Number of protein chains: 2
Amino acid sequence: MVSTALERLQALQGSLRAVDNVAKNYRKKFRIAVIGSGNWGTAVAKIVAENAAEKKSLFEHEVRMWVRQEKVGDMNLTDIINLHHENVRYLPEVRLPDNLVADPEIRNVAEGADLLVFNLPHQFLGSVCDQMKGIDFSRSSAISCLKGLNVSAQGVELLSNVVEEKLGLHCGVLSGANIASEVAREKWCETTVAYPLPKWYKPGEIDEDLIKALFHRPYFHVQVSSDTAGVSIGGALKNVVAIGAGLVEGAGWGDNAKAAVMRRGILEMIKFGVTFFPGTLPETFTNESAGVADLITSCAGGRNVKVGRAFARTGKPLEEIEKELLNGQSAQGIITAREVHELLSEKNMLNEFPLLVAIYEVAHGKLHISQLPDRIAD
Amino acid sequence: MVSTALERLQALQGSLRAVDNVAKNYRKKFRIAVIGSGNWGTAVAKIVAENAAEKKSLFEHEVRMWVRQEKVGDMNLTDIINLHHENVRYLPEVRLPDNLVADPEIRNVAEGADLLVFNLPHQFLGSVCDQMKGIDFSRSSAISCLKGLNVSAQGVELLSNVVEEKLGLHCGVLSGANIASEVAREKWCETTVAYPLPKWYKPGEIDEDLIKALFHRPYFHVQVSSDTAGVSIGGALKNVVAIGAGLVEGAGWGDNAKAAVMRRGILEMIKFGVTFFPGTLPETFTNESAGVADLITSCAGGRNVKVGRAFARTGKPLEEIEKELLNGQSAQGIITAREVHELLSEKNMLNEFPLLVAIYEVAHGKLHISQLPDRIAD
């Protein structure tokens, strides 16, 4: 059953021939740009640059990555990346492809790109988009790899919509059970990409197959979805559920209770999706990497679980726990839980999302964890 | 927000009044028997005896539990349980209700019971049923808490069907993310009970509400389902997926890969259900405690994960690993994986369940784990 090197080579040649056949359908070779170069940003840049180098008939060879310039020692980070092919600051010890070029000038990176991969911290998205204003993106597309939502008392907005509105380009999303350090080390995983076709789509333009060809790697398996909202919501709300998983762990309730919180979490994510984005598909949460799998990975460990666990054990304020445990980083679930609570309160819907609300209340000392089961009981 | 003791008492009184109102609808107080007294058997017996003692208008006070007699020191296990209200052999340090009576005579336990709760190891089910032959169960019901299926090259049979066929009583199932030691210590969890009404049902007989009243506790939350097959299949196939999770862990692939295996596992469980039991509901696997939550708990740890992990690390034969790691116990997933493989092979369906087949093949040295991702790729 174990395949030989020859069989593997033949399979690779076959798949490259398939790529060439597909390429005949496109109007040009597409130029790819990556906006952001943190841990996850660089890991995804590595993926798309590998595919650009390999699928020569589909993509321009060079992939440019915008790097917010900083000094490492007395050198520019961009120079280190371009000389040594390693992002020593945010993804050390991972060799990057030679065709991935770091560039500190964002407009230089973005102008002329057919597809922009956005991958930076949520809080910088607006200001980074502002730096690209005026560039003609009328026939460009984007994929947002950001995990988050713009939630406020007024309503919910997808981050892909922020990109669309600010820049006038068509934006899909990528999300999944993708811990960056594992992806960067080419440990196998799956992801979900939602890329509904733009209004201006004509045959020959970027489509789902092209998007899959750009992100799919032997170690990074892509499933394509049409559900931009579902994929986005999964990546944001899982952080709140992960705090709940941490609370239950910290209370010493065991694996049964943790699984119950996660199960209820999936159901409330579905409800949140269909409530605020009609047309959201429940299957995105139950069947896709961006749903159940990302939730599982996030609840297995990570910052949000740690914060929840520590709160249940010590009762210290969340901000204090963040400072003590996270070394300057933040647990996104704390912010999302507060914003979601504010939204639901404003919309008079607190009773309809008992788990999300209870997690917020427990984590803020307004509800004792012993009351959580009754709160979410049918 | 923290409720006072008075509020809690009032809530309890309210729910007991509700029970009394419900009771008027039933033809009698029902007599409950438990068949089996291992770890999980005793934990469930504790639950139903607590409810029988509390909901006096619904259930006869005494709950009899069949215990296969054995000596502990120079005393009978049944005498210890009845004297000290503790199953010192299989569930030590957990106080059992006074109205739970251990009895070594199975016919004495079963005769006259309106509802029998089956909870013993899969391999003893047939012979235990044989000991009850001839008892009139024509108006009795059962709930099977066994996790498993009868799978062979010929086909698949639910264990609840075995009970029905051998004894002529109507049998539902209970399954969920329910590690016995946590349930026994009253750590909150959820479970799923499927109890479709029997053909001979008339108003006044046992129905879903009664079943929920029997199993639901403040620490053991019951969701009722109609999907006997789905609930049963979840409890059996999760053990195979848990071996897969262990293989991936042992190979050092990380949390992303483990979540991918679990996600694929849910999808193949659904497919297995609808293929062999048309009418099985996909939601049972994606939404219920007996589906996704039980899978999560099982993949968090437990025997099957341990065995898979050790195999990936050492390559030793599974039987050897079981002996070394499990102290005489068996990893049910090994048997189920083999039986499922045999069935799919016989039905010419190996290609339709790539994950279940790959787990079997990797665990038996017929496939290298590095090939698993390609095997299950879309």
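Since the structure is predicted, the reported quantities are computational estimates derived from the model, not experimental observations.

(A) Inspection of the UniProt feature "binding site: NAD(+)" (unreviewed entry) in chain A at higher detail. Residue and element names in this part refer to chain A. Feature annotation in UniProt assigns "binding site: NAD(+)" (unreviewed entry) to the following positions: Gly36, Ser37, Gly38, Asn39, Trp40, Gly41, Phe124, Ala180, Arg303 and Gln332. Along the chain, the position of Gly38 falls in the loop between strand S1 (32-35) and helix H2 (39-54). By relative accessible area, which is 27% here, Gly38 ends up partly exposed. Setting aside its immediate chain neighbours within four residues, Gly38 contacts Asn87 and Tyr90. Within the fold, Ala180 resides in helix H7 (residues 180-184). According to the relative accessible area criterion, Ala180 is buried, its value standing at 8%. Non-local contacts of Ala180, meaning those with residues more than four positions away in its chain, are made with Asn39, Trp40 and Ala43.

(B) Representation of the interface of chain A and chain B. The interface is formed by 50 residues belonging to chain A together with 50 residues belonging to chain B. Summed over both partners, the interface of chain A with chain B comes to about 4,100 Å²; 55% of that surface belongs to carbon and sulfur atoms. One can count four salt bridges joining chain A with chain B. For the salt bridge of A:Arg263 with B:Glu190, the shortest nitrogen-to-oxygen distance reads 2.6 Å. Linking chain A with chain B are 18 residue pairs in polar contact (both at pLDDT 80 or more). Put simply, the parts of the chain that give the side of chain A that touches chain B at least two residues each are H7, strand S11 (189-194), strand S12 (220-225), helix H10 (254-276), helix H11 (282-287), helix H12 (289-300) and helix H17 (372-376) of chain A. At 12 residues, H10(A) tops the list of elements feeding residues into the side of chain A that touches chain B. Looking at side-chain class alone, the side of chain A that touches chain B contains 23 nonpolar, 14 polar and 13 charged residues.

(C) Examining the domain arrangement of chain A more closely. Residues and elements named next belong to chain A. We note that the domain assignment places domain 1 (5-226) and domain 2 (230-376) within chain A. Centre-to-centre, using C-alpha coordinates, domain 1 lies 29 Å away from domain 2. On the domain 2 side, the residues contacting the 23 residues of domain 1 number 23 residues. Interface of domain 1 and domain 2: buried area, both sides summed, is about 1,900 Å²; carbon and sulfur atoms make up 65% of it. On the domain 1 side of the contact with domain 2, Leu149, Val151 and Ala153 bury the most area, a combined 27% of that side's loss.

(D) Seen up close, the relation of the copies chain A and chain B. In the superposition of chain A on chain B (RMSD 0.0 Å, axial shift 0.0 Å), the rotation amounts to 180°. The superposition operator between the copies reduces to a two-fold rotation axis. For chain A, the residue whose C-alpha comes nearest the rotation axis is A:Thr286, separated from it by 2.8 Å. The residues that chain A uses at the interface reappear at the interface of chain B in 100% of cases, marking a shared surface.

(E) Structural view of the pairing of strand S10 (residues 170-175) of chain A. Residue and element names in this part refer to chain A. With six of six residues buried, S10 lies mostly within the body of the structure. Along S10, one buried face is formed by His170, Gly172 and Leu174 and the opposite face, lined by Cys171, Val173 and Ser175, is buried too. Relative to S10, strand S7 (residues 141-144) runs parallel, the two sharing four bridges. Within S10, the residue paired with Ala142 across the bridge is Cys171. Pairing between S10 and S11: three bridges, direction antiparallel.

Criteria and thresholds
- Residues numbered from 1 in each chain as written.
- Chains lettered and ligands numbered in written order.
- Predicted model: local features only at pLDDT ≥ 70, side-chain atom pairs only at ≥ 80, totals over all residues.
- Heavy atoms only, no water.
- UniProt positions renumbered as here; feature names shortened; annotations may be inferred.
- Helix = DSSP H or I, 4+ residues; strand = E, 2+ residues; numbered from the N terminus.
- Buried < 20%, exposed > 50% of the residue type's maximum accessible area, 1.4 Å probe, protein only.
- Contact = heavy atoms within 4.5 Å.
- Buried area = accessible area lost by both parts, 1.4 Å probe.
- Salt bridge = Lys/Arg side-chain N within 4 Å of Asp/Glu carboxyl O.
- Polar contact = N/O pair within 3.5 Å; in protein donor to acceptor, adjacent residues only side chain to side chain.
- Nonpolar A, V, L, I, M, F, W, Y, C, P; charged D, E, K, R; others polar.
- Domains from an automatic or database assignment.
- Least-squares fit on C-alpha atoms with pLDDT ≥ 70 in both.
- Pairing = 2+ DSSP bridges.

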